[in-house]
Amino acid sequence: MLNRIWMLLMAGLLAVPAKGADAAAECGGDTPCRIEGGAYHIALPDGWQGGPAVMFLHGYGSSGAKVIASTGLVAAFTRRGYAVIAPSGLPWKHGKPSDWSVRDGWNTYPRNDRVFLREVLADAAARAGVKPDQLLLSGFSRGGSMVWDMACQAPEFAAAYAAVSGGFWLPMAQDCEGPVQLLHIHGFADEVVPLEGRAIPGSEAGVVQADIWEGLQLWRRENGCRSNAAEHEAADGIWRKRWHCAGGGLELILHKGGHGLPQGWSTMALDWFESLPR
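Computed from a prediction, not measured in an experiment: that's the story for all the values here.

**Describing the environment of Asn112**
Along the chain, Asn112 turns up in the loop between strand 6 (98-99) and helix 5 (113-128). Between the alpha carbons of Asn112 and Phe273 there is a distance of 27 Å; along the sequence they are 161 residues apart. A distance of 3.0 Å separates the side chain of Asn112 from the backbone nitrogen of Arg114, its partner in a polar contact.

Written out as structure tokens, the structure reads:
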């Protein structure tokens, strides 16, 4: 009798899927993962058994769904063994496009995205086995600005930060919480987010993009970098500077284009990320 009860109990346990596997099956690809603060999308490499991830923050007016629908962007990361996590921002005002809680003088954004991104990462770890200590936080335009803000205000959130075409806004931070590993990619001819910064014409709060060069100076100070770059490269329309730093690390990549993701940027970002000391 006891043997029969034991066999029934074991059969029942085997019939119940593991919580992580069951949770992972609830969302993925086109189906958003929903948490209390909002939603995100996730794409996993073939044969995924858990591991590193790239969390990519979309630009102004976009969404996590649009990021995941960008098959080329996603495949560039997943084929190298990285999960892709694509959170969605919220409108800063009813009827307005989606955005992030970038430090920029606006007072109407309805969510603390530092908290939200932590919740997204924790949920992705529980659902899919993402390793939080192997996270690269990346983003484009306003998403890139949010990357800079997270790096400055929550440096322990990710192992490294890779922003594209987005930096600080005014009022610009005067210091940060600690050193980070930061890669910044920017178009030399960018007129949407110029390297020298600009005021946004007609904006309700008179918001101003900070000077990218001034922001890089802050990062050199925070990371304990020498004033002058230690390494320079220039080839095929790509210019690179690397600083030797006592605390974190800093690299700048300029390309000859405008406001966009330059061809091959994901390979450059992952090569840089994988070369960092662990």
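**What to know about the layout of surface pockets**
In this structure, the largest pocket encloses a volume near 340 Å³. Surrounding the largest pocket, 20 residues form its lining, Tyr60, Asp99, Arg142, Trp169 and Ile200 being those nearest its centre. Tallied by class, residues from the lining of the largest pocket come to 8 nonpolar, 6 polar and 6 charged. Gln181, Arg242, Trp243, Trp272 and Leu276 are, among the 15 residues lining the second largest pocket, the residues nearest its centre. Of all the secondary structure elements, the ones that give two or more residues to the lining of the second largest pocket are strand 13 (238-243), strand 14 (249-255) and helix 8 (265-275).

**Points about the side chain of Asp123**
Among the secondary structure elements, Asp123 is positioned in helix 5. Residue classification places Asp123 among the buried residues on the basis of a relative accessible area of 18%. Polar side-chain contacts of Asp123 include one of 2.4 Å to the side chain of Arg127. Beyond its immediate sequence surroundings of up to four residues, Asp123 is in contact with Cys33, Ile35 and Tyr40.

**Brief notes about helix 4 (residues 71-78)**
Turning to helix 4, its buried residues are Leu73, Val74, Ala76, Phe77 and Thr78. On its buried face, helix 4 is in contact with strand 2 (38-43), strand 3 (51-57), helix 3 (64-69), strand 4 (83-87) and helix 8.

**A word on the pattern of salt bridges**
Within this structure, the stated rule accounts for 12 salt bridges. For Asp99, the salt bridge identified is with Arg142, shortest N-O distance 2.9 Å. Here Arg142 lies in helix 6 (residues 142-153) and Asp99 lies in strand 6, a separation of 43 residues in the sequence. Comparing Asp99 with Arg142, the two get one shared label, buried. The residue Arg240 makes a salt bridge to Glu251 at a minimum N-O spacing of 2.7 Å. Note that Arg240 is positioned in strand 13 and Glu251 in strand 14, a separation of 11 residues in sequence. Within this structure, Glu231, Glu233, Arg240, Arg242 and Glu251 form a network of salt bridges that share partners.

**Quick word on empty space enclosed by the protein**
Per the counting criterion, the structure on display carries 1 cavity of 30 Å³ or more. If you add up the space inside the largest cavity, you get close to 40 Å³. Forming the boundary of the largest cavity are Arg103, Asp149, Gln153, Phe168, Trp169, Pro171, Met172 and Ala173. Among the residues forming the lining of the largest cavity, the class breakdown is 5 nonpolar, 1 polar and 2 charged.

**A short note on unusual backbone geometry**
Residues Leu170 and Pro171 are joined by a peptide bond in cis, for which omega reads 5°. With phi around 55°, Asp236 is a residue other than glycine that occupies positive phi space. Note on placement: Asp236 falls in the loop between strand 12 (231-235) and strand 13. Residue classification places Asp236 among the exposed positions, given a relative accessible area of 78%.

**Thoughts on the pairing of strand 8 (residues 160-164)**
Counting buried positions along strand 8 gives 5 out of 5 residues, so the element sits mostly inside the fold. The side-chain alternation of strand 8 yields two buried faces, one formed by Ala160, Ala162 and Val164 and the other by Tyr161 and Ala163. Remark: the strand 7 (residues 130-140)/helix 6/strand 8 crossover connection has right-handed handedness. Where strand 8 and strand 9 (residues 181-187) come together, 4 bridges link them in parallel fashion. Its bridge partner being in strand 9, Val164 is matched across the sheet by Ile185.

Thresholds applied
Residues numbered from 1 in each chain as written. Predicted model: local features only at pLDDT ≥ 70, side-chain atom pairs only at ≥ 80, totals over all residues. Heavy atoms only, no water. Helix = DSSP H or I, 4+ residues; strand = E, 2+ residues; numbered from the N terminus. Polar contact = N/O pair within 3.5 Å; in protein donor to acceptor, adjacent residues only side chain to side chain. 1 Å grid on protein atoms, 1.4 Å probe; cavity = no way out; pocket = protein on both sides within 12 Å on 5 of 7 lines; lining within 4 Å. Points joined across faces, edges and corners; volume = space filled by probe spheres on them. Nonpolar A, V, L, I, M, F, W, Y, C, P; charged D, E, K, R; others polar. Buried < 20%, exposed > 50% of the residue type's maximum accessible area, 1.4 Å probe, protein only. Contact = heavy atoms within 4.5 Å. Salt bridge = Lys/Arg side-chain N within 4 Å of Asp/Glu carboxyl O. Right-handed = clockwise from strand over helix to strand, strands pointing away. Pairing = 2+ DSSP bridges.

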